[in-house]
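Report on the structure
So the chains spell out like this:
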Amino acid sequence: MNSTEDYETIKTLFQYQHGYVISKVMFTASELGIFDLLLESEEPLTASTIAQCLGTSLRGMERLLEACVSLKLLKMERKNNEGFYGNTYLANLCLAKSSPKSQYQYMKLYSEIVYPLFQDLPDVVRSEERQQIFSSAMDEVWRLHGREVMSAFDFSHFPVICDLGGGNGALAKECISLYPNSTVTIFDLPEVVENAKKHFVCSEGRITFQEGNFFKDPIPEADLYILSRILCDWDDEKCVQLLTKLHKVCKPDGGVLLLQMVLNEDRCGPLQVHLLSIMMLLLTDGKERTLSEYSALFNKSGFKEIQSKKGSRYDAIFGRK
């Protein structure tokens, strides 16, 4: 993932892969009347004002507006640390339902009639459970980005590693490949571990599995804990609860490595992170966060020394005990 060609190739893949999500974000904003409200107001409005006018939740509206800014459907300026949103030319011309050149009905056709038909496009027999599909998807992600994120910092002096929610073990394999003196315990739910063992292939014996719920059950003692795409599934309270638990069991001078897609501090991008945050709104209680927000979670949990490195897709954030 170091060459320009690799970067552009993965960028193209991302655009194709998330095409439906992008169009759904655009149509949802149009359907809710965001573009019409801003067209009529003739001045930028805050997220809270827009949510109140349109009768939506503030939490959901903030995510949607930020995604629209990243898609260049809206523009945003900050005043007194608060975002004020306005339409772009494209939004005024084509996305507001009241515009003479509105494309709302065309988007509605695709969103409500055409796209649902494509759900039956794959003519395959699905014998795998959802969990295996998810785990396999994560495996593919770490085959592309695992070595990059695990070499963001030097973890060679951490012989005992615990990967919480490590699934099928793809990231664990990158760990032992990079750090030959380390062992990795994958700590995950019983059904995940049972399924992972059916598909796991590793002849070195340095990767083991342990069943458990990391919120409810005792966590294995380790030098380094890995949370890859975990905290985005939970609200701040749950994140602090988990990080505090890890701080208590972490060995002296050990730490926690977060692997996450991270929002820019101005919350205007990257687009792919905003799209994931929209998915989190639909699927979990979590959200995507900025680096300062992740740092605040670390601080509240007792971790003081926090470092971060930006990757081609995933950022590595390391909090030391």
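This text goes with the structure placed above it.
Quick look at the structure, then. Since this is a predicted model, take the numbers as computed values, not measurements.

Reading the values: rules and limits
Residues numbered from 1 in each chain as written. Predicted model: local features only at pLDDT ≥ 70, side-chain atom pairs only at ≥ 80, totals over all residues. Heavy atoms only, no water. Axes fitted to C-alpha atoms, helices over the stretch in contact; angles between N-to-C directions. Helix = DSSP H or I, 4+ residues; strand = E, 2+ residues; numbered from the N terminus. Parallel < 35°, antiparallel > 145°, perpendicular 65-115°, else oblique. Contact = heavy atoms within 4.5 Å. Nonpolar A, V, L, I, M, F, W, Y, C, P; charged D, E, K, R; others polar. 1 Å grid on protein atoms, 1.4 Å probe; cavity = no way out; pocket = protein on both sides within 12 Å on 5 of 7 lines; lining within 4 Å. Points joined across faces, edges and corners; volume = space filled by probe spheres on them. Patch = residues over 30% accessible without salt bridge, like charges linked within 9 Å, V, L, I, M, F, W, Y side chains within 5 Å. Areas by Shrake-Rupley, 256 points an atom, 1.4 Å probe, with all protein chains shown as cover. Salt bridge = Lys/Arg side-chain N within 4 Å of Asp/Glu carboxyl O. Buried < 20%, exposed > 50% of the residue type's maximum accessible area, 1.4 Å probe, protein only. Phe/Tyr/Trp six-rings, centres within 6.5 Å; stacked < 30°, edge-to-face > 60°. Lys NZ or Arg CZ within 6 Å of the ring centre and 35° of its normal. Core = buried A, V, L, I, M, F, W, Y, C linked by side-chain atoms within 4.5 Å.

To describe two helices that pack against each other, one gives the angle between their axes and the distance between the axes. The N-to-C vectors of helix α2 (residues 19–32) and helix α12 (residues 271–283) enclose an angle of 75°; their axes lie 11 Å apart at closest approach. Classified by the interaxial angle, the pair formed by α2 and α12 is roughly perpendicular. Contacts between α2 and α12 pair V21, I22 and V25 from the former with L271, L275, I278 and M279 from the latter. Class assignment of the residues belonging to the contact of α2 with α12 gives a composition of seven nonpolar, no polar and no charged.

On to the layout of surface pockets, then. In this structure, the second largest pocket encloses a volume near 410 Å³. Lining the second largest pocket are 20 residues, and of these Y7, K11, F14, Q272 and S312 lie nearest its centre. Listed by contribution, the elements that provide at least two residues to the lining of the second largest pocket are α1 (4–17) and α12. A total of five residues in the lining of the second largest pocket trace back to one element, the largest contributor, which is α1. By residue class, the composition of the lining of the second largest pocket is ten nonpolar, six polar and four charged.

Turning next to a nonpolar patch on the surface. Taken together, the side chains of Y106, L109, Y110 and I113 make up a nonpolar region of the molecular surface, amounting to roughly 380 Å² of accessible area. Within the secondary structure, Y110 is located in helix α7 (residues 104–117).

Below, the discussion takes up the pattern of salt bridges. Tallied over the full model, the rule gives ten salt bridges. Residue R320 is joined to E305 by a salt bridge in which the shortest nitrogen-to-oxygen separation is 3.7 Å. In this pair, R320 is assigned in strand β10 (residues 315–320) and E305 in strand β9 (residues 305–309), connecting sequence segments 15 residues apart. You can call R320 buried: its relative accessible area is 14%. A residue is classified by how much of its surface remains accessible, and E305, at 41% relative accessible area, is partly exposed. The residue K310 makes a salt bridge to D315 at a minimum N-O spacing of 3.5 Å. By relative accessible area, which is 61% here, K310 ends up exposed.

Turning next to the packing of aromatic side chains. Scanning all chains against the criterion turns up 14 aromatic pairs. Between Y110 and Y115, the aromatic rings sit 5.7 Å apart at their centres with planes inclined by 75°, giving edge-to-face as the arrangement. For Y110, a relative accessible area of 31% corresponds to the partly exposed category. Exposure remark for Y115: the relative accessible area of 23% places this residue in the partly exposed category. Taken together, the ring pairs connect F153, F155, F158, Y179 and F318 into an aromatic cluster. Sitting over the ring of F84, K79 keeps its end group 5.2 Å from the ring centre. Stacked on the ring of Y104, the Lys or Arg K97 has its end atom at 5.1 Å from the ring centre.

If you look at the biggest cluster of nonpolar residues, it comprises 33 residues, and the most contacted ones within it are W142, M150, F155, L224, I226, L257 and L259. Examining the composition of this core, we find that five residues originate from one element, helix α9 (residues 170–178), more than from any other. Filtering out sequence-adjacent residues up to four positions away, F155 remains in contact with M150, Y179, S182, L224, L257 and F318. In terms of nonpolar packing, the next biggest core, distinct from the first, is built from 31 residues, I34, V69, A91 and L275 among them.

Everything listed is a geometric property; what it means functionally is a separate question.
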